[in-house]
Every structure is written in structure tokens, then in C-alpha cells.
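The lines below spell out each chain.
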Amino acid sequence: MKNMLKEAAILFAITVIAGAILGFIYDMTKEPIAEQNEKAKREACQEVFGDAQEFVNLDISEEEAAVVLAANGYDKASVNEAMEAKDASGTVLGYVMIITSHDGYGGDIQFSMGVRMDGTVNGISLLSISETPGLGMRAEEVLKPQFTEKHAAAFTYTKTGAVSEDQIDAISGATITTNAVVSGVNAGLSYFQNGLEGGMRGEQ
């Protein structure tokens, strides 16, 4: 019994010490991690809206955004954040949204996208993707450039070569990844058109 109590006390002490160390490490690293994440987000915003001088966070609810997306047929994507993109004078040029598509072959695909007030997609910037190397991971080189300065109510993908503004060339051998990115961009456009007041003003 004494040995059991002794071993229990040792295990308890180890647990307390380990917990304290982990807590200390968390406190030491949470601020740098948060700063790094914020920096990455700012860079992603700037990439998709290069002429904006300021990005102002909008108070949106992911749950409410999900209702808007589902009502328009995009229940496989989420709008995580939305920001106004403003010029030096404070004029709203458009929006930057952080979108997560849940249709990826290897899991979620998250990206930022910039949309001007007239509905033109400035471009997208991939933030998180875990697709198949050599196939889906080619989204950066194959898909990303195709959305730059494109105006369409919604995009489709093709395997035979894009012939119109609203068509995107699919990644060879990675249709699932292509569909996930295209659907995610379409979800962002849908939220711009139906969920953002400025977007609805821009469509009038």
C-alpha cells in the first residue's frame, strides 16, 4: 500500500510539473504564433488586393454565413472572415474573404480571395492545402493564376481547355482538388452577392 501511494504521489508530481511546463511554453509561444498568423493573413490580403491600403475586419458570424451559403447551394464551404479593402482615402474598393472548402481530396483547403465591388475576382491566395503531391498540390501553379482579374457570377472547370471568362482549366489528374477550389471561389462569390451589404450594392 505504501509503495502504491508513493508511486501515485510521484505520478501526480510528474503530471503537475509537466502541466506547469506545458502551460509556460504555451504562454511563451501563443503571442508569437498569433503575430505570425496575423502577419500571414495580412500578406494574403495584400496579395489578393494589392492596391488596398487598409483591411478592416467585418463582424460576421460563420454560422450565419453558412446559412447564406447553404441557401445558395454551397454547404461544402465556409466563410471564416471578411474584411473591407480600403484605399488611402478610406473608400471601400471591395472585400477580402477567408474561405475554407471542405471538398478537398486530402482535407480542407483554405484560401483568401479578393473581390472588387463590381464582382471582379482580384485573385486567390492559398493558405492551407494538403492534397496529393504532384497532383492536387499543383493548385498553386495551375489554378491560382486563372482566377486573377476574372469577372463571373460563378466559375466552372473544364478538362478540354478554357474558352470563356468563367471557365477554369482543371489540374490534370486532380479533378477533386480542382472542384474543391472552384466551388470554394463560387461560395465566396455567392456570399459577396448575397451576404455582404456592399456586395449587394455593387451588384445593383
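Our structure is the block above this text.
These notes cover the structure that comes with them. Predicted model only: the values in this text are computed from it and were never measured.

### Examining the packing of aromatic side chains
Considering all chains together, one arrives at two aromatic pairs under this definition. Each ring, one from Phe-147 and one from Phe-155, has its centre 5.3 Å from the other, and the planes form 85 degrees; the classification is edge-to-face. Exposure class is identical for Phe-147 and Phe-155. Each is buried.

### Some remarks on unusual backbone geometry
Residues other than glycine seldom take positive phi values, yet Glu-149 does so here, at roughly 55 degrees. Looking at where Glu-149 falls in the secondary structure, it is placed in the loop between helix H3 (139–142) and strand E6 (150–151).

### Looking at a negative patch on the surface
On the surface, Asp-59, Glu-62, Glu-63 and Glu-64 cluster together to form a negatively charged patch. Classification of Asp-59 as exposed rests on a relative accessible area of 81%.

### Some remarks on the side chain of Lys-144
Its place among the elements puts Lys-144 in the loop between H3 and E6. In this structure Lys-144 comes out as buried when scored by relative accessible area, which is 15%. One polar contact links Lys-144 to Glu-140, side chain to side chain, over a distance of 2.9 Å. Non-local contacts of Lys-144, meaning those with residues more than four positions away in its chain, are made with Glu-47, Ile-124, Ser-125 and Ala-139.

### A closer look at the packing of helix H2 (residues 62–71) against helix H4 (residues 175–194)
At a minimum axis distance of 9 Å, the contact between H2 and H4 shows a crossing angle of 100 degrees. It follows from the interaxial angle that H2 and H4 lie roughly perpendicular. For the pair H2 and H4, the contacting residues are Ala-65, Val-68 and Leu-69 in the first and Ala-187, Tyr-191 and Asn-194 in the second. Of the residues that constitute the contact of H2 with H4, the class distribution is five nonpolar, one polar and no charged.

Rules of the game
- Residues numbered from 1 in each chain as written.
- Predicted model: local features only at pLDDT ≥ 70, side-chain atom pairs only at ≥ 80, totals over all residues.
- Heavy atoms only, no water.
- Phe/Tyr/Trp six-rings, centres within 6.5 Å; stacked < 30°, edge-to-face > 60°.
- Buried < 20%, exposed > 50% of the residue type's maximum accessible area, 1.4 Å probe, protein only.
- Helix = DSSP H or I, 4+ residues; strand = E, 2+ residues; numbered from the N terminus.
- Patch = residues over 30% accessible without salt bridge, like charges linked within 9 Å, V, L, I, M, F, W, Y side chains within 5 Å.
- Areas by Shrake-Rupley, 256 points an atom, 1.4 Å probe, with all protein chains shown as cover.
- Salt bridge = Lys/Arg side-chain N within 4 Å of Asp/Glu carboxyl O.
- Lys, Arg positive; Asp, Glu negative; His and termini not counted.
- Charge placed at Lys NZ, Arg CZ, Asp CG, Glu CD.
- Polar contact = N/O pair within 3.5 Å; in protein donor to acceptor, adjacent residues only side chain to side chain.
- Contact = heavy atoms within 4.5 Å.
- Axes fitted to C-alpha atoms, helices over the stretch in contact; angles between N-to-C directions.
- Parallel < 35°, antiparallel > 145°, perpendicular 65-115°, else oblique.
- Nonpolar A, V, L, I, M, F, W, Y, C, P; charged D, E, K, R; others polar.

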